[in-house]
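# Summary of structural features
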Amino acid sequence: MALLVAAVGGAAGLSLTALERNINLFFSPSQVQAGEAPDGGVFRVGGMVVDGSVARGEADLSVNFALTDTAATIPVAYTGILPDLFREGQGIVALGAMRGGVFVATQVLAKHDENYMPPEVNQALQAANRGKYGGGDSGAPSLP
Amino acid sequence: MAEFFAMGGYAFYVWGSYATVTAVLVHQYAAPLIRRRKLLRELAGEARS
Amino acid sequence: MRAHIDPAPDLPQSAIRTRFHRFISPPWFYRFAARWSGRLGWSALLLFAAGACGGLVLAPPDYQMGDSYRILYVHAPAAWMSMFVYAVMAAAAASGLIWHLKLGEAVARACAPLGAAFTLCALVTGSLWGRPTWGAYWVWDARLTSELVLLFLFVGCMALSEALDDRRSASRAAAVLAVAGVVNLPIIHFSVEWWNTLHQGASVARFGRPSVDTRMLIPLLIMFAAFNLYFLAALLNRVSCELLDRERRTQWVAEVARG
């Protein structure tokens, strides 16, 4: 019985230490710039899409944007279908490799945050952040 | 009504989730009830013989 | 093997202790389960209906995810229950190991398939939610991986309790695995804080206000209640089966079987 406990505990401990290095799903742009990401290899980078940086190709599905963790920013190039949640200011995780200073992605995943709210509440929140409550025309719903 | 079932284009994902959960939970609830009925019948047979 | 009730009349706390002993004695618990499982099951069904109605019809769509977020109403309670059931199973298994409680062994054994079912629900609904929102059915991030490990733990407990011919040693082996696997619970819960994950942080089970709008939160809380009642009802059914089977040679089972 004690042997079984030891075996299970040992297996759990070993797999945890083995996972320690790979358990983080992605690197941040700062880590990439500091050279912590595998050089030339395939890895994931996660961050926020910089506002106003998304440039879509006219003929194909190519898209270029900048990814930031507020400390560092790296350019990303991707060709393909983006998930529904992809938009400027949104957290995303991209899989790919660095090619001459540009992160060339083969897959882009959108990250969701833990906030859930109806559209009108979000509009009211944004109006409040901009400091103009309703702007005189539409009465913004009162905030909680 | 059709709009409700369309779920804003996410019909497959939303209804797929609810269907999976319903099927699994109904099965988990029914299985022991059926087993108990069978068991009681079996035990009643044993008690009589 | 006969169910034994110790009255212990000369002890000061004897009244409470006798009550407790009676509660955990198989024949008493069997009758308790028969009386309550149906009522709990029907209440759970009513709450499921109310929660689904609230979540699918009354709650407004999310500002970013639209209607796909409605999967939350089955995903979050299923994921929560998967961990809660594991904790119950481990506690029951520990009581079986330490005090040799028959009821503890029966409850632990009954929890394993229920927990596996909740975990499976959480993984499947999460996957169906991940595809449209994240862009992938599955990602090997820490939250998803540790939840998959939880499924393996439940399945492992089920397999171990079937594996050995001697029921008691099979129960004990499964109980040891169940207790050792408890380390996975904090890993699942805090995975989204400890490591970089694609999965978002906690919305309800966190300090401070839940980050879910009130109109969306109410159906979610109803669903949580429904899942909990459902679990209790289903657990009582399973435990009563388990007790009948384990105690099949005792007087009380013969009486129950005769009707």
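You'll find the structure just up there.
So, here is what we can say about the structure in this document. If you're wondering where the values come from, they're calculated on a predicted model, not measured in any experiment.

## A few points about the interface of chain C and chain A
Counting residues at the interface gives 39 residues for chain C and 32 residues for chain A. Interface of chain C and chain A: buried area, both sides summed, is about 3,200 Å²; carbon and sulfur atoms make up 61% of it. For chain C, the biggest contributors to the area lost against chain A are Tyr-63, Gln-64 and Asn-196 of chain C; these three give 22% of the whole. Remark: the boundary between chain C and chain A carries 1 salt bridge. Of the charged contacts in the structure, one is a salt bridge between Glu-120 of chain A and Arg-215 of chain C, with a shortest N-O distance of 3.0 Å. Among the secondary structure elements, those contributing two or more residues to the side of chain C that touches chain A are helix H4 (102–133), helix H6 (167–180) and helix H8 (214–246) of chain C. The element best represented in the side of chain C that touches chain A is H6 of chain C, accounting for 5 residues. Split into classes, the residues belonging to the side of chain C that touches chain A amount to 23 nonpolar, 10 polar and 6 charged.

## Quick notes on H6 of chain C
Spanning 14 residues, H6 of chain C covers 20 Å between terminal C-alpha atoms, matching the ideal 20 Å at 1.5 Å per step. Along H6 of chain C, the residues that are buried comprise Ala-170, Ser-171, Ala-173, Ala-174, Ala-175, Val-176, Leu-177 and Ala-178 of chain C.

## Overview of the pairing of strand S6 (residues 102–110) of chain A
Residues and elements named next belong to chain A. Sheet analysis places strand S4 (residues 73–79) next to S6, joined by 3 bridges and oriented parallel. Paired with Val-76 across the strands is Phe-103, a residue of S6. Bridge count for strand S5 (residues 91–99) against S6 is 8 bridges, and the pairing is antiparallel. Residue pairing across strands places Ala-97 opposite Val-104, the latter belonging to S6. In this antiparallel pair of consecutive strands, S5 and S6, the connection spans 2 residues, and Gly-100 shows a positive phi of 60°.

## With respect to empty space enclosed by the protein
Residues and elements named next belong to chain C. Tallied over the entire structure, the rule returns 1 cavity of 30 Å³ or more. Of the volumes computed, that of the largest cavity is approximately 160 Å³. If you trace the largest cavity, you find 18 residues lining it, with Ala-108, Arg-109, Ser-171, Ala-174 and Ala-175 closest to the centre. Elements with a minimum of two residues in the lining of the largest cavity: helix H3 (72–99), H4, helix H5 (142–163) and H6. Of the residues that constitute the lining of the largest cavity, the class distribution is 11 nonpolar, 4 polar and 3 charged.

Conventions used here
Residues numbered from 1 in each chain as written. Chains lettered and ligands numbered in written order. Predicted model: local features only at pLDDT ≥ 70, side-chain atom pairs only at ≥ 80, totals over all residues. Heavy atoms only, no water. Contact = heavy atoms within 4.5 Å. Buried area = accessible area lost by both parts, 1.4 Å probe. Salt bridge = Lys/Arg side-chain N within 4 Å of Asp/Glu carboxyl O. Helix = DSSP H or I, 4+ residues; strand = E, 2+ residues; numbered from the N terminus. Nonpolar A, V, L, I, M, F, W, Y, C, P; charged D, E, K, R; others polar. Expected span 1.5 Å × (residues − 1). Buried < 20%, exposed > 50% of the residue type's maximum accessible area, 1.4 Å probe, protein only. Pairing = 2+ DSSP bridges. 1 Å grid on protein atoms, 1.4 Å probe; cavity = no way out; pocket = protein on both sides within 12 Å on 5 of 7 lines; lining within 4 Å. Points joined across faces, edges and corners; volume = space filled by probe spheres on them.

What is shown is where atoms sit, not what they do.
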